[in-house]
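What follows is the residue order along each chain.
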Amino acid sequence: MERTNPEIINAAEHLFIIHMGQNKKIRNLYTQNILWKYNHDCGQGILNDKILINVNALIKPSEIKRIKYISHMINRQFGNYIMVTGVYCIYKSIDKNTKEYYFDYTINFVGGLVCYVNISLIGNNNTPAKIYSITSVKVAVYNLEEEEILYVEAMGGHTIWHCTAKTIETVVSMKDVEEKLSDRFIKIHRSYIVNRVKVKEIKRCSTVMENGDEIPIPYKKFVSIRAMLRIN
């Protein structure tokens, strides 16, 4: 029986109790020949001791204050193959202080069971991770760091994500993009949102991005937008 989206998300989140050292409780969720990857360590089948030790080396189960699920993206592909990707954060308690550790993950399901898990540490609270999971019009899923994104352009009902190494077209509306992005991004035109730290130059009615692309600024909004970009 095919799992619903809430069931898939619940199963994905349940897998992360491996951080609590409770790997035996999740054996009914995955296939016998499941592949595991945690940072640079790989394994197959039942979660082996080597990976489990490395999972708990950074954050001991007794130090975990809570786990927060930041984002999820589900991609249903051919047959009964489902991919889930996203980001979660573990709050570690140390001497009455709390430290945050951010993880990027990808989980593949076949026939309702997990067949592949990839978990990677991507940052801590000294360098907070901002990851945006987006799905292209070709149904490919991308996890983008803020540092990669130059600007987002509206194109009809679609949006084009211009990044340092690629350009991605999505069916997400500009309104939804604006609500999703952090305050690092400024809407300088009804069709453009720019990453202000990626602005190389500002002209009288336009900005020049790091890749040389020039983005228009409405004449009447130039002064206020220049102030938001913190460029004199």
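Everything that follows concerns the structure shown earlier in this document.
What counts, and at which threshold
- Residues numbered from 1 in each chain as written.
- Predicted model: local features only at pLDDT ≥ 70, side-chain atom pairs only at ≥ 80, totals over all residues.
- Heavy atoms only, no water.
- Salt bridge = Lys/Arg side-chain N within 4 Å of Asp/Glu carboxyl O.
- Helix = DSSP H or I, 4+ residues; strand = E, 2+ residues; numbered from the N terminus.
- Buried < 20%, exposed > 50% of the residue type's maximum accessible area, 1.4 Å probe, protein only.
- Arc of directions from axis to C-beta.
- Contact = heavy atoms within 4.5 Å.

Engineer: So what's going on with the pattern of salt bridges? Which residues, and what values?
Structural biologist: Counting across every chain of the model gives 8 salt bridges. A salt bridge links Glu146 to Arg184; the nearest nitrogen and oxygen atoms lie 3.2 Å apart. Note that Glu146 is positioned in the loop between strand 8 (141-145) and strand 9 (149-155) and Arg184 in the loop between helix 3 (174-180) and strand 12 (185-189), a separation of 38 residues in sequence. Like Arg184, Glu146 is buried. With a closest N to O distance of 3.5 Å, Lys187 and Glu178 form a salt bridge. A relative accessible area of 40% places Glu178 in the partly exposed class. One continuous salt-bridge network, built from bridges that share partners, spans Glu146, Glu147, Arg184, Lys198 and Glu210.

Engineer: Can you lay out helix 4 (residues 222-229) for me, pointing to particular residues and giving the numbers?
Structural biologist: Every buried residue of helix 4 is listed here: Phe222, Ile225 and Leu229. Buried residues in helix 4, looked at end-on, bunch into an arc of 70°, giving them a common side. For helix 4, exposure combined with an orientation more than 90 degrees from the buried face picks out Val223 and Ala227. Buried residues along helix 4 sit in contact with strand 12, strand 13 (192-195), strand 14 (199-203) and strand 15 (206-209).

Purely geometric stuff here, so don't read any function into it on its own.
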